[in-house]
Amino acid sequence: ELQMGDFDHDGDVDGADFLDWQRDDGSESNLTTWQENFGNTLLATAATTPEPSSLLLGVLAAVGLLMRRW
């Protein structure tokens, strides 16, 4: 899937895409597309997945609370 404004096709819209726009295109319409999508990424699911370390910390806290009740 193509992300609008992702001129270097790496899955996000960032400063590298702006540099590609400057070098290869320079059109005002594509600059507007980049500005509207700056910061967007196709990897949005990564932001909702907890890191293993925080997941482990949560499990250890739950076990600690259960052990305290015994």
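Just above sits the structure.
Treat the numbers as computed from the prediction; the structure is a model and nothing was measured.

The rules behind each value
Residues numbered from 1 in each chain as written. Predicted model: local features only at pLDDT ≥ 70, side-chain atom pairs only at ≥ 80, totals over all residues. Heavy atoms only, no water. Helix = DSSP H or I, 4+ residues; strand = E, 2+ residues; numbered from the N terminus. Areas by Shrake-Rupley, 256 points an atom, 1.4 Å probe, with all protein chains shown as cover. Axes fitted to C-alpha atoms, helices over the stretch in contact; angles between N-to-C directions. Parallel < 35°, antiparallel > 145°, perpendicular 65-115°, else oblique. Contact = heavy atoms within 4.5 Å. Nonpolar A, V, L, I, M, F, W, Y, C, P; charged D, E, K, R; others polar. Buried < 20%, exposed > 50% of the residue type's maximum accessible area, 1.4 Å probe, protein only. Lys, Arg positive; Asp, Glu negative; His and termini not counted. Salt bridge = Lys/Arg side-chain N within 4 Å of Asp/Glu carboxyl O. Polar contact = N/O pair within 3.5 Å; in protein donor to acceptor, adjacent residues only side chain to side chain. Arc of directions from axis to C-beta. Phe/Tyr/Trp six-rings, centres within 6.5 Å; stacked < 30°, edge-to-face > 60°.

Draft legend 1. Fine view of the overall build of the protein. For the protein, the helix and strand inventory stands at four helices and zero strands. Moving toward the C terminus, one meets the helices and strands of the protein in the order α-α-α-α. Split by element, the accessible area of the protein, about 5,600 Å² in all, is 60% carbon and sulfur.

Draft legend 2. Spotlight on the packing of helix α1 (residues 15-24) against helix α2 (residues 28-37). Closest axis-to-axis distance for the α1/α2 pair is 11 Å, and the angle between their directions is 180°. With respect to α2, the element α1 is oriented roughly antiparallel. Here Asp17, Phe18 and Trp21 of α1 come into contact with α2, specifically with Asn30, Leu31 and Trp34. The residue makeup of the contact of α1 with α2, split by class, is four nonpolar, one polar and one charged.

Draft legend 3. Representation of the side chain of aspartate 6 within the structure. Residue position: aspartate 6 is located in the segment before α1. Buried charge aspartate 6 goes without a salt bridge, the closest partner of opposite sign being arginine 23 at 12 Å. There is a polar contact of 3.1 Å between the side chain of aspartate 6 and the backbone nitrogen of histidine 9. Within the structure, the side chain of aspartate 6 is placed 2.8 Å from the backbone nitrogen of glycine 11, a separation counted as a polar contact. Ignoring any residue separated from it by four or fewer positions in sequence, one finds aspartate 6 in contact with Gly11, Asp12, Val13 and Asp17.

Draft legend 4. A look at α1. When α1 is considered as a whole, its buried residues turn out to be Asp17, Asp20 and Trp21. Down the axis, α1 shows its buried residues gathered within 100° of arc, on one side only. Close packing links the buried residues of α1 with α2. In this structure aspartate 14 caps α1, since a side-chain oxygen of it lies 3.2 Å from the backbone nitrogen of alanine 16. Backbone geometry just downstream of α1 places glycine 26 in the positive-phi region, at approximately 80°.

Draft legend 5. Spotlight on unusual backbone geometry. Positive phi values are uncommon outside glycine, yet histidine 9 reaches one of about 55°. Residue position: histidine 9 is located in the segment before α1.

Draft legend 6. Just the packing of aromatic side chains, in detail. In this structure the tally under the stated criterion is three aromatic pairs. Among the aromatic residues, those joined into a cluster by ring pairs are Phe18, Trp21, Trp34 and Phe38.

By themselves, these figures tell us nothing about what the structure is for.
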